[in-house]
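# Structural description and commentary
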Amino acid sequence: ATNVSLKLGAKEDEEASNYAGCGICLMTIFGLILFALTSILLTPMLKFFGATVEVLPFAQEYTRIVAIGFPFLIANTGMSKLILADGSPRYSMISMLIGAIVNTILDPIFIFVLDLGVRGAALATVLSQAVGAVWILRFLTGKKTILHLRKENFRLRRDIILPCLALGISTFVMLSTESILSISFTSSLSRYGGDLAVGAMTIITSDTSTSDCLNLSDYFLQSSVQIICIHTLSHLPISLSPEILIL
(Lines give C-alpha, C1' and ligand atoms only; values in the text may rest on other atoms or scores of the structure.)
Protein backbone atom coordinates (compact mmCIF):
# COMPACT_ATOMS: atom_id res chain seq x y z
CA ALA A 1 0.00 0.00 0.00
CA THR A 2 2.90 2.36 0.74
CA ASN A 3 4.41 1.79 -2.70
CA VAL A 4 1.01 2.29 -4.29
CA SER A 5 0.68 5.64 -2.49
CA LEU A 6 4.15 6.67 -3.66
CA LYS A 7 3.37 5.79 -7.28
CA LEU A 8 0.00 7.56 -7.17
CA GLY A 9 1.71 10.63 -5.71
CA ALA A 10 4.19 10.55 -8.59
CA LYS A 11 1.26 10.37 -11.06
CA GLU A 12 2.35 6.88 -12.15
CA ASP A 13 -1.14 5.36 -12.01
CA GLU A 14 -0.36 2.35 -14.20
CA GLU A 15 2.66 1.41 -12.10
CA ALA A 16 0.56 1.85 -8.96
CA SER A 17 -1.96 -0.63 -10.40
CA ASN A 18 0.88 -3.08 -11.10
CA TYR A 19 2.04 -2.81 -7.48
CA ALA A 20 -1.50 -3.36 -6.23
CA GLY A 21 -2.12 -6.39 -8.47
CA CYS A 22 1.23 -7.96 -7.60
CA GLY A 23 0.55 -7.34 -3.90
CA ILE A 24 -2.82 -9.09 -4.09
CA CYS A 25 -1.17 -12.07 -5.78
CA LEU A 26 1.48 -12.22 -3.04
CA MET A 27 -1.15 -12.04 -0.30
CA THR A 28 -3.10 -14.88 -1.88
CA ILE A 29 0.04 -17.03 -2.15
CA PHE A 30 1.02 -16.38 1.47
CA GLY A 31 -2.55 -17.21 2.52
CA LEU A 32 -2.41 -20.55 0.68
CA ILE A 33 0.98 -21.34 2.25
CA LEU A 34 -0.37 -20.53 5.71
CA PHE A 35 -3.42 -22.71 5.04
CA ALA A 36 -1.21 -25.65 4.01
CA LEU A 37 1.10 -25.30 7.03
CA THR A 38 -1.85 -25.00 9.41
CA SER A 39 -3.54 -28.09 7.96
CA ILE A 40 -0.35 -30.16 8.19
CA LEU A 41 0.80 -28.98 11.63
CA LEU A 42 -2.64 -28.38 13.15
CA THR A 43 -2.47 -30.50 16.32
CA PRO A 44 1.12 -29.73 17.41
CA MET A 45 0.56 -26.06 16.61
CA LEU A 46 -2.55 -25.85 18.79
CA LYS A 47 -0.79 -27.61 21.66
CA PHE A 48 2.11 -25.19 21.34
CA PHE A 49 -0.33 -22.29 21.45
CA GLY A 50 -1.66 -23.58 24.78
CA ALA A 51 -4.71 -25.70 23.88
CA THR A 52 -5.60 -28.09 26.70
CA VAL A 53 -6.95 -31.62 26.36
CA GLU A 54 -10.51 -30.39 26.92
CA VAL A 55 -10.29 -27.58 24.39
CA LEU A 56 -8.17 -29.32 21.73
CA PRO A 57 -11.02 -31.16 19.89
CA PHE A 58 -13.02 -27.92 19.54
CA ALA A 59 -9.93 -25.97 18.49
CA GLN A 60 -9.11 -28.58 15.84
CA GLU A 61 -12.64 -28.56 14.45
CA TYR A 62 -12.76 -24.75 14.32
CA THR A 63 -9.23 -24.08 13.02
CA ARG A 64 -9.42 -26.79 10.34
CA ILE A 65 -12.32 -24.91 8.70
CA VAL A 66 -11.16 -21.36 9.43
CA ALA A 67 -7.78 -22.12 7.83
CA ILE A 68 -9.58 -22.37 4.48
CA GLY A 69 -10.32 -18.67 4.76
CA PHE A 70 -6.72 -17.59 5.43
CA PRO A 71 -6.22 -16.40 1.81
CA PHE A 72 -9.39 -14.29 2.13
CA LEU A 73 -8.35 -12.98 5.55
CA ILE A 74 -4.89 -11.87 4.41
CA ALA A 75 -6.24 -10.45 1.16
CA ASN A 76 -8.95 -8.51 3.02
CA THR A 77 -6.41 -6.95 5.36
CA GLY A 78 -4.08 -5.94 2.55
CA MET A 79 -6.71 -4.81 0.06
CA SER A 80 -8.39 -2.56 2.63
CA LYS A 81 -5.05 -0.72 2.87
CA LEU A 82 -5.00 -0.45 -0.92
CA ILE A 83 -8.40 1.24 -0.78
CA LEU A 84 -6.99 3.74 1.73
CA ALA A 85 -4.00 4.35 -0.53
CA ASP A 86 -6.43 4.94 -3.37
CA GLY A 87 -8.00 7.73 -1.32
CA SER A 88 -11.30 6.05 -0.45
CA PRO A 89 -11.43 5.68 3.36
CA ARG A 90 -15.22 5.40 3.33
CA TYR A 91 -15.10 2.30 1.15
CA SER A 92 -12.33 0.84 3.32
CA MET A 93 -14.59 1.18 6.35
CA ILE A 94 -17.52 -0.32 4.46
CA SER A 95 -15.38 -3.30 3.42
CA MET A 96 -14.61 -4.08 7.07
CA LEU A 97 -18.23 -3.60 8.12
CA ILE A 98 -19.51 -5.94 5.41
CA GLY A 99 -17.52 -8.89 6.75
CA ALA A 100 -18.51 -8.15 10.34
CA ILE A 101 -22.21 -7.80 9.49
CA VAL A 102 -22.29 -10.99 7.39
CA ASN A 103 -20.51 -12.88 10.17
CA THR A 104 -22.93 -11.54 12.79
CA ILE A 105 -25.92 -12.63 10.71
CA LEU A 106 -24.58 -16.08 9.78
CA ASP A 107 -23.27 -17.04 13.23
CA PRO A 108 -26.66 -17.58 14.95
CA ILE A 109 -28.09 -19.19 11.80
CA PHE A 110 -25.31 -21.77 11.49
CA ILE A 111 -24.80 -22.33 15.22
CA PHE A 112 -28.39 -22.45 16.50
CA VAL A 113 -30.78 -22.82 13.54
CA LEU A 114 -28.71 -25.36 11.61
CA ASP A 115 -27.22 -26.76 14.86
CA LEU A 116 -23.67 -26.86 13.47
CA GLY A 117 -22.01 -25.67 16.69
CA VAL A 118 -18.31 -24.88 16.38
CA ARG A 119 -18.32 -25.82 12.70
CA GLY A 120 -21.07 -23.29 12.11
CA ALA A 121 -19.07 -20.50 13.70
CA ALA A 122 -16.06 -21.41 11.54
CA LEU A 123 -18.13 -21.58 8.34
CA ALA A 124 -19.70 -18.20 9.10
CA THR A 125 -16.23 -16.71 9.55
CA VAL A 126 -14.92 -18.11 6.26
CA LEU A 127 -18.00 -17.02 4.29
CA SER A 128 -17.90 -13.51 5.73
CA GLN A 129 -14.23 -13.21 4.79
CA ALA A 130 -14.96 -14.45 1.28
CA VAL A 131 -17.81 -11.95 0.85
CA GLY A 132 -15.57 -9.13 2.06
CA ALA A 133 -12.77 -10.14 -0.32
CA VAL A 134 -15.12 -10.29 -3.31
CA TRP A 135 -16.58 -6.88 -2.46
CA ILE A 136 -13.15 -5.25 -2.15
CA LEU A 137 -11.87 -6.86 -5.34
CA ARG A 138 -14.99 -5.71 -7.17
CA PHE A 139 -14.36 -2.16 -5.97
CA LEU A 140 -10.66 -2.19 -6.93
CA THR A 141 -11.54 -3.38 -10.44
CA GLY A 142 -14.41 -0.92 -10.82
CA LYS A 143 -14.62 2.63 -12.13
CA LYS A 144 -14.76 4.41 -8.77
CA THR A 145 -11.08 3.84 -8.05
CA ILE A 146 -7.94 5.40 -9.46
CA LEU A 147 -6.25 2.00 -9.62
CA HIS A 148 -8.94 0.35 -11.76
CA LEU A 149 -7.17 -3.03 -11.70
CA ARG A 150 -7.22 -5.18 -14.82
CA LYS A 151 -6.20 -8.74 -15.55
CA GLU A 152 -2.75 -7.74 -16.76
CA ASN A 153 -2.01 -6.05 -13.40
CA PHE A 154 -2.20 -9.38 -11.53
CA ARG A 155 1.32 -10.55 -12.28
CA LEU A 156 4.29 -11.37 -10.05
CA ARG A 157 7.23 -9.12 -10.86
CA ARG A 158 10.63 -9.30 -9.19
CA ASP A 159 11.13 -5.53 -9.35
CA ILE A 160 7.87 -5.08 -7.42
CA ILE A 161 8.18 -7.95 -4.94
CA LEU A 162 11.54 -6.90 -3.50
CA PRO A 163 10.53 -3.30 -2.62
CA CYS A 164 7.30 -4.60 -1.06
CA LEU A 165 9.19 -7.10 1.09
CA ALA A 166 11.73 -4.44 2.09
CA LEU A 167 9.01 -2.10 3.32
CA GLY A 168 6.96 -4.83 4.98
CA ILE A 169 9.69 -6.63 6.91
CA SER A 170 9.65 -4.17 9.84
CA THR A 171 5.90 -4.55 10.30
CA PHE A 172 6.25 -8.32 10.01
CA VAL A 173 8.90 -8.42 12.76
CA MET A 174 6.82 -6.18 15.02
CA LEU A 175 3.64 -8.23 14.61
CA SER A 176 5.58 -11.49 15.00
CA THR A 177 6.97 -10.27 18.30
CA GLU A 178 3.48 -9.39 19.52
CA SER A 179 2.25 -12.84 18.45
CA ILE A 180 5.07 -14.57 20.33
CA LEU A 181 4.21 -12.60 23.47
CA SER A 182 0.54 -13.48 23.07
CA ILE A 183 1.38 -17.19 22.66
CA SER A 184 3.60 -17.11 25.75
CA PHE A 185 0.90 -15.37 27.76
CA THR A 186 -1.78 -17.84 26.64
CA SER A 187 0.44 -20.83 27.42
CA SER A 188 1.14 -19.47 30.91
CA LEU A 189 -2.55 -18.85 31.54
CA SER A 190 -3.40 -22.34 30.32
CA ARG A 191 -0.77 -23.90 32.56
CA TYR A 192 -1.49 -22.03 35.77
CA GLY A 193 -5.07 -20.83 35.39
CA GLY A 194 -6.68 -23.44 33.15
CA ASP A 195 -9.34 -22.98 30.48
CA LEU A 196 -11.22 -20.45 32.61
CA ALA A 197 -8.29 -18.02 32.64
CA VAL A 198 -7.70 -18.40 28.88
CA GLY A 199 -11.38 -17.83 28.15
CA ALA A 200 -11.46 -14.79 30.43
CA MET A 201 -8.43 -13.29 28.70
CA THR A 202 -10.04 -13.84 25.29
CA ILE A 203 -13.15 -11.96 26.40
CA ILE A 204 -11.02 -9.19 27.90
CA THR A 205 -9.04 -8.80 24.68
CA SER A 206 -12.22 -8.50 22.62
CA ASP A 207 -13.79 -6.01 25.02
CA THR A 208 -10.58 -4.01 25.14
CA SER A 209 -10.61 -3.63 21.36
CA THR A 210 -14.16 -2.29 21.56
CA SER A 211 -13.42 0.08 24.43
CA ASP A 212 -10.47 1.64 22.62
CA CYS A 213 -12.81 4.05 20.92
CA LEU A 214 -14.03 5.21 24.35
CA ASN A 215 -10.52 5.56 25.82
CA LEU A 216 -11.42 3.01 28.48
CA SER A 217 -8.96 0.33 27.38
CA ASP A 218 -6.11 1.18 29.77
CA TYR A 219 -8.28 1.20 32.89
CA PHE A 220 -10.26 -1.86 31.83
CA LEU A 221 -7.18 -3.86 30.86
CA GLN A 222 -5.32 -3.07 34.07
CA SER A 223 -8.30 -4.06 36.22
CA SER A 224 -8.90 -7.24 34.25
CA VAL A 225 -5.26 -8.33 34.38
CA GLN A 226 -5.28 -7.87 38.16
CA ILE A 227 -8.34 -10.13 38.45
CA ILE A 228 -6.73 -12.82 36.27
CA CYS A 229 -3.47 -12.63 38.24
CA ILE A 230 -5.32 -13.04 41.54
CA HIS A 231 -7.26 -16.01 40.17
CA THR A 232 -4.13 -17.62 38.72
CA LEU A 233 -1.92 -17.05 41.77
CA SER A 234 -4.59 -18.37 44.09
CA HIS A 235 -4.37 -21.73 42.31
CA LEU A 236 -0.60 -22.03 42.51
CA PRO A 237 0.71 -24.80 44.82
CA ILE A 238 2.29 -22.19 47.14
CA SER A 239 1.02 -20.11 50.01
CA LEU A 240 0.62 -16.41 49.32
CA SER A 241 -0.72 -13.75 51.63
CA PRO A 242 -3.78 -11.69 50.58
CA GLU A 243 -1.57 -8.57 50.47
CA ILE A 244 0.69 -10.15 47.84
CA LEU A 245 -2.31 -11.25 45.81
CA ILE A 246 -3.71 -7.72 45.78
CA LEU A 247 -0.33 -6.30 44.73
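Below is a short write-up of the structure. The structure displayed is predicted, hence computed values, not measured ones.

## Here we look at helix H8 (residues 158-192)
With 35 residues, H8 extends 48 Å from end C-alpha to end C-alpha; this agrees with the ideal 51 Å at 1.5 Å per step. At glycine 168, H8 is bent by approximately 40°, the largest bend along its length. Listed as buried for H8 are Ile160, Ile161, Ile183, Leu189 and Ser190.

## Considering the side chain of glutamine 60
Tracing the chain through its elements places glutamine 60 in helix H4 (residues 56-66). For glutamine 60, the contacting residues outside a window of four places in its chain are Leu42, Thr43 and Leu46.

## Here we look at helix H5 (residues 70-85)
Relative to the 22 Å expected for 16 residues at 1.5 Å per residue, H5 spans 23 Å between its end C-alpha atoms, a close match to the ideal helical length. Among all positions in H5, only Phe70, Pro71, Ala75, Asn76, Gly78, Met79, Ser80, Leu82, Ile83 and Ala85 are buried. The elements touched by buried residues of H5 are helix H1 (2-9), helix H2 (13-40), H4, helix H6 (89-113) and helix H7 (118-140). Following H5 by one or two positions, glycine 87 has its phi on the positive side, about 90°.

## Some thoughts on the nonpolar core
In this structure, Val4, Ile24, Met79, Leu82, Leu140 and Leu147 are the most contacted members of the largest nonpolar core, which totals 23 residues. Taken together, the elements giving at least two residues each to this core come down to H1, H2, H5, H7 and H8. The dominant element in this core, judged by the number of residues it contributes, is H2, at seven residues. Apart from the residues within four sequence positions on either side, methionine 79 is in contact with Ile24, Met27, Ala133, Ile136, Leu137 and Leu140. Within the second largest apolar cluster, six residues are counted, among which are Ile65, Phe70, Ala122 and Val126.

## Comments concerning the environment of leucine 116
With respect to the helices and strands, the residue leucine 116 is situated in the loop between H6 and H7. The partly exposed category is assigned to leucine 116, whose relative accessible area is 24%. Each residue touching leucine 116, except ones within four places of it in the same chain, is listed here: Phe110, Ile111 and Leu123.

## Observations concerning the packing of aromatic side chains
Applying the stated rule across the entire model yields four aromatic pairs. Here phenylalanine 48 and phenylalanine 49 contribute two aromatic rings whose centre-to-centre distance is 6.0 Å and whose plane-to-plane angle is 50°, an arrangement assigned as tilted. You can call phenylalanine 49 partly exposed: its relative accessible area is 33%. Each ring, one from tyrosine 91 and one from phenylalanine 139, has its centre 4.5 Å from the other, and the planes form 25°; the classification is stacked. Taken together, the residues span a long stretch of sequence, with tyrosine 91 in helix H6 and phenylalanine 139 in helix H7 at a distance of 48 residues. Grouping aromatic residues by their ring pairs yields a cluster made of Tyr91, Trp135 and Phe139. If you follow arginine 90 out to its NZ or CZ, it ends over the ring of tyrosine 91, 4.9 Å from the centre.

Conventions and cut-offs
Residues numbered from 1 in each chain as written. Predicted model: local features only at pLDDT ≥ 70, side-chain atom pairs only at ≥ 80, totals over all residues. Heavy atoms only, no water. Helix = DSSP H or I, 4+ residues; strand = E, 2+ residues; numbered from the N terminus. Expected span 1.5 Å × (residues − 1). Bend = angle between axes of the 7 residues up to and from the residue. Buried < 20%, exposed > 50% of the residue type's maximum accessible area, 1.4 Å probe, protein only. Contact = heavy atoms within 4.5 Å. Core = buried A, V, L, I, M, F, W, Y, C linked by side-chain atoms within 4.5 Å. Phe/Tyr/Trp six-rings, centres within 6.5 Å; stacked < 30°, edge-to-face > 60°. Lys NZ or Arg CZ within 6 Å of the ring centre and 35° of its normal.

Functional significance is not addressed by these values, which are geometric in nature.
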